[in-house]
Each structure stands twice: as C-alpha cells, then as structure tokens.
Amino acid sequence: MGRPKKAWWKEQVVYQIYPRSFKDANGDGMGDLQGIISKIDYLVALGIDIVWLSPHFDSPNADNGYDIRDYRKVMDAFGTMADFDEMLAKFKEKGIKLIIDLVVNHSSDEHHWFKQSKSSKENPYREYYIWRPDKNGKEPSNWPSFFGGSAWELDPKTNEYYLHYFSKKQPDLNWENPELREEVYSIMRFWLDKGVDGFRMDVIPLISKHLDFNDMSASELKHPEIIYASGPRIHEFLREMNDTVLSQYDVMTVGEGFGVSRALTQRMTDERRKELNLSFLFDIVRVGRDNWRQGDFTLPQLKELFTAQNDTDNFHWPTVFLNNHDNPRSVSKFGCDSPEHRVASAKLLALLTLTQRGTPFLFQGEEIGMTNYCFTSFDQFDDVEIRGNYRQVLRSGVGALTYLSELNKSSRDHSRTPMQWSNEAQGGFTHAEKSWLAINNNYEQINVANQLADTNSVFHFYKTLLEMRRGNDDLIYGDYFDIAPDHEQVFAYTRTGTQKTFLIVLNMSGTLACMKLDDLYHGYKLIVSNYTNDYVSWVRETLELGPWEARMYVSV
Ligand code: TEU
C-alpha cells in the first residue's frame, strides 16, 4: 500500500485556544487577543506548531461566539482587528501557524443577513436561511434542536418558521443558495488573504440538509445528529469550496461534526477527493457518552476505536484528541484526577496523544493536567446547552441531582473554566475580581508557574515529547499496531517506520499491571517514562507497570 504522502499538517501539533478563557489582558474578567499575545512565548516554550483559535468574531454570544454577527469584525470583548493583525504577525514571527474557526452552518440571528431575511418573504436575503410554512398549525417537522425544544422557530412577521439546529439565536444558513455560498467563500478569502493558515470548520457536515424535512421516528429522535450529518450534497459543497477557495492557498482544514460516521469522515478527507484535509471523529472523545450521560467504558472498547480509526488506506489521515471546548477534561475522563494519580495519568495521556498515528490536537490546560470543575448547583453553569435542555431533562422524569451528577462528568463547561497561570488570585487569568466563569479552585496546586519551575511536571513532559516527535518520521508516519487488544489494563502498541519501531506501553489503571511481551521486543531500549524511580531500561519477558505508568521503547 505504500506510505502516506507527507504533508506539514500531518506532522505538526495543534493547540486549541478558547479565547474567552485563555488570558485576560484588559481586566474585564474575559480573555482577549492581547492576552493571547502575552502568552506566545509560553506556547513557543511548550513547542506546539499550530494554534486553532475558537471564534474571535463579533457576536452577541448566545453560544460563546459560535453565533456570528459579523464575520469580518473582531468581538469587542476580545479586541480589534489591529489586535488580530498584531497577534497573527507575532505568531508568524515565532513560526507558529494560526487556524481560525469557520462557523457557517449558521449565523447569529443578529447578523444583518438574518435581519433582512426575516423582514419579508420577498427580501433578497430570504433565501439565505431556511424558511418553511407551518404543518397543520404546527412546526414543519418534529426535528429537535441540540440545545432543547424544536429546531423550528416561528417568526410572527412573515408567519413562517426558520430552521435552527442549535439555539434559536443560531439560524441555519441555506447552502442550497449559490449566493450564500459565494458570501462564505468571500469571507474565507478575507481571512486567508490576511495570512491565516486554514480553518477548523464548525459542524461542517450539517450544511447540507435533507430538504424533505420528514418527521423523525422515535429511534431517530434519540440521535438526530445522525440525520443532520448525512445531507445529500455535503461532498458537492465541500468540493466546490475546495475548488473555488482552498486550492488557491497552502492551508489546512479540519472539519468538525458530531454525528458523523467513520465512513463519512474518511470520505470527506480522502486525499483524492479534494474536500477536507482532516475531520474530527468523536468516537473516542465521546466513548461511553449518551447525550449528557457518561456511562462506563472498558479499555478494550477504547482500543478498538483507535484501531478502527487506523483501519484505512493511506489516503486518509486521522486526528487524535482527547478533549476540546465541548468535552470534559481528558485527565478526568480518561485518566484519574485524584491527587495521587493526576500527574502520572496526565503524562500517560500526553504519551498516548503524541504517539498515535494522526495529527494531535491539544486543548489549553491539558498540558498542565487541568481537571474537571466540581459543580454543586445549576446556576454555576454558563453553557447554553444546559440552560436550553434543563427543563426538558427534568420534565422527562430525571432527578435534578442525577442530572447534576452526570453533568459533573460530561458538561462542556469543565473545559471552559479559565486557564490556570499561577497561584495568584483568579489563577493569574485576570486582574478583575471575578472571571466570566469561575476558576477551578485547585489553581493553587495546578498552574503554569509551578510547572515551569518543576522539570518533572506535566508541562515538561509534554515539552519533551513534542521535541521528540518533531521531525521523527518513523513516529509520525509509522504503521500502527495494537499488540494486546484484549488486555484490560494495558494499552500497548507499536509504530513501525522505515527505520525504527516504537513500542508504547500504558497502564491505564490505578493498580499494578503485568503483561507478557513477545521475544521480538526484547532488547528494545527505554526512551521515555513517566516514572522517575525504578527505571527499567530493557524490556523483560514480563513487563510490570505501576499505576498509570507509561513507557516508550525503541528498537535498536
Ligand atoms: O459543536 C457541535 C457539536 O457537535 C456540539 O455542540 C454538540 O452538539 C454538543 O457538544 C453535544 O453535547 C460546535 C461547537 O464546537 C460548539 O461549541 C457549538 O456550540 C456548536 O458547534 C454550534 O456552533
């Protein structure tokens, strides 16, 4: 089958910044672009290559910027276009690429297109959105919104419903309309011409709709995202976007879409089809999840998902990520955030993320092992998803305490608490007395300043691995093979390149683990470990691993 074709976006490591929670420079309790600028040297010290910036555009913030009012303007709370230009120039100076969020499945209802669109049925912008008359005095279909209630909202002025998969302040754009598509392409060119290096494309598979809007069956209603992410024209739209805009620039694209199957992910990113470079598949990050419930999962189940995403030809390249701004903290979900195991398990997850086959995406705070927040009441949440679904969930008979305890495992707000920079008030995130979302009260123990000063910290472990990964073609492009898929505690796999084989062994449990290793690996040399004591440098026949112990060996 040969080797995958080389590309910079396969080799480099992405770091996601959620701007409102990264660093506040102007003291209003919310992060901003000058805050990011002040931390560029920190990102250089860590050793990442690409920053993905969550939306920085003008927005009324019904969904923290994922509802855009003006695609060519910077959100006031984050700064100005001059700040953006300065940030981009400084990233470039330091050799860091910048990709931005393209949110074009929907806009804000405060966008001038929507204001025009709803003003009359004859308005030239009417067809920028999806309008339908009522069905027997009710919504055009029983389609639900991800954020609670119907996906249809009646607008009294023209007495028609508009479609919104997310909140009613996020009306879906009508991609059937070529004029709308041209508007999007022009927005893309605007930012690409400024010099950004690509886009993360928000819920991109949702842009093509099933225009019959047939009612969903009871079972379909449990997972509406599967219907929403399977529109008939998705490949055509992506291909057109690629031909018209992307192919003119040397940039990267990564699609995002909850509900997208592995097969669709692989089709959208098949290099021969010229649609997207990469697309997030949520199977791993959401393992065990059903809506807001986080159920149990076993290690063999998790390993199967990694194998499955590698079970592909060389024309498709996976992404590797264990958290983002829509999911809980990785160390709390996949590791163990107790004081005893947090550091070891956060390092183990670093080794996992940076040695898998695929482009790694880190999320701010992961590199210091930030943990989930402990929510004790509903008024502590900010997320539109919870506010929208709260009543519905309770009405369905779920007890408030049960819901709260599930949200303590699954809420999107866990990842959105401010970045913990130091042990100063508000974790050094802001000089304001209060930040927009409460800081995790473990900031005095877990913060950047502590970890920069401690060479055994999670931060330094990430830094070491990032250095080791850079330019290491065998590790980046090598074949992936799970050598013990059924082992209940140990995740053990190899990455085989043209010169060397790497063997990675991870005890993903809080107890001692043993594992028999094939003769083949005897003599492999230990090159990385998250344990500092009891350093065993050669593989023995039976490997013993301490709680959350992680090692990497290399063939000699
Ligand atoms: O997320 C889409 C998405 O799949 C999630 O919102 C999903 O519905 C939710 O996490 C299920 O728990 C993107 C953005 O990443 C998210 O922040 C936005 O809220 C959403 O799109 C709408 O733009």
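How each quantity is defined
Residues numbered from 1 in each chain as written. Predicted model: local features only at pLDDT ≥ 70, side-chain atom pairs only at ≥ 80, totals over all residues. Heavy atoms only, no water. Helix = DSSP H or I, 4+ residues; strand = E, 2+ residues; numbered from the N terminus. Rg over C-alpha atoms; globule rule 2.2 N^0.38 Å. Buried < 20%, exposed > 50% of the residue type's maximum accessible area, 1.4 Å probe, protein only. Areas by Shrake-Rupley, 256 points an atom, 1.4 Å probe, with all protein chains shown as cover. Lys, Arg positive; Asp, Glu negative; His and termini not counted. Charge placed at Lys NZ, Arg CZ, Asp CG, Glu CD. Pairing = 2+ DSSP bridges. Near = heavy atom within 4 Å. Polar contact = N/O pair within 3.5 Å; in protein donor to acceptor, adjacent residues only side chain to side chain. Nonpolar A, V, L, I, M, F, W, Y, C, P; charged D, E, K, R; others polar. Right-handed = clockwise from strand over helix to strand, strands pointing away.

## What about the overall build of the protein chain?
Counting its secondary structure elements, the protein chain contains 18 helices and 22 strands. For 556 residues, the compact-globule estimate of 2.2 N^0.38 gives 24 Å, and the C-alpha radius of gyration of the protein chain, at 24 Å, lies within 12% of that figure. Here the C-alpha coordinates of the protein chain stretch approximately 75 × 55 × 55 Å along the principal axes. For the protein chain, buried positions account for 61% of its 556 residues. Accessible surface computed for the protein chain: about 21,500 Å², of which carbon and sulfur atoms make up 49%. Separation between the mean location of the 62 positive side-chain charges and that of the 79 negative ones in the protein chain comes to 1 Å.

## Some details on the sheet that holds strand β7 (residues 152-155)
Taken in spatial order, the three strands of this open sheet run β6-β8-β7, and their pairing is antiparallel. Of all strands in the sheet, those bounded by a partner on one side alone are β6 (131-132) and β7. Two elements, β7 and strand β8 (residues 160-163), share four bridges in a ladder whose sense is antiparallel. Paired with E153 across the bridge in β8 is Y162.

## Here's the deal with the site of the ligand
The local shell around the ligand holds 17 residues, among which D63, D202, F258, D326 and E385 are the closest. Here D202 contributes a side-chain N or O atom positioned 2.8 Å from an oxygen atom of the ligand. E385 places a side-chain nitrogen or oxygen 2.8 Å from an oxygen atom of the ligand. Here the ligand, which alone exposes 490 Å², has 97% of that area covered by the protein. Split into classes, the residues belonging to the shell around the ligand amount to six nonpolar, two polar and nine charged.

## Overview of the pairing of strand β10 (residues 252-255)
Regular strands place side chains that alternate from one sheet face to the opposite one. Going residue by residue along β10, you find M252 and V254 tucked away on one face and T253 and G255 tucked away on the opposite face as well. Note: strand β9 (residues 198-201) against β10, four bridges, orientation parallel. Its bridge partner being in β10, F199 is matched across the sheet by T253. Here two bridges tie β10 to strand β11 (residues 278-279), and the two strands are oriented parallel to one another. Residue pairing across strands places G255 opposite S279, the latter belonging to β11. Following the backbone out of β10, through helix α10 (residues 262-268) and into the adjacent parallel β11, one traces a crossover that is right-handed.

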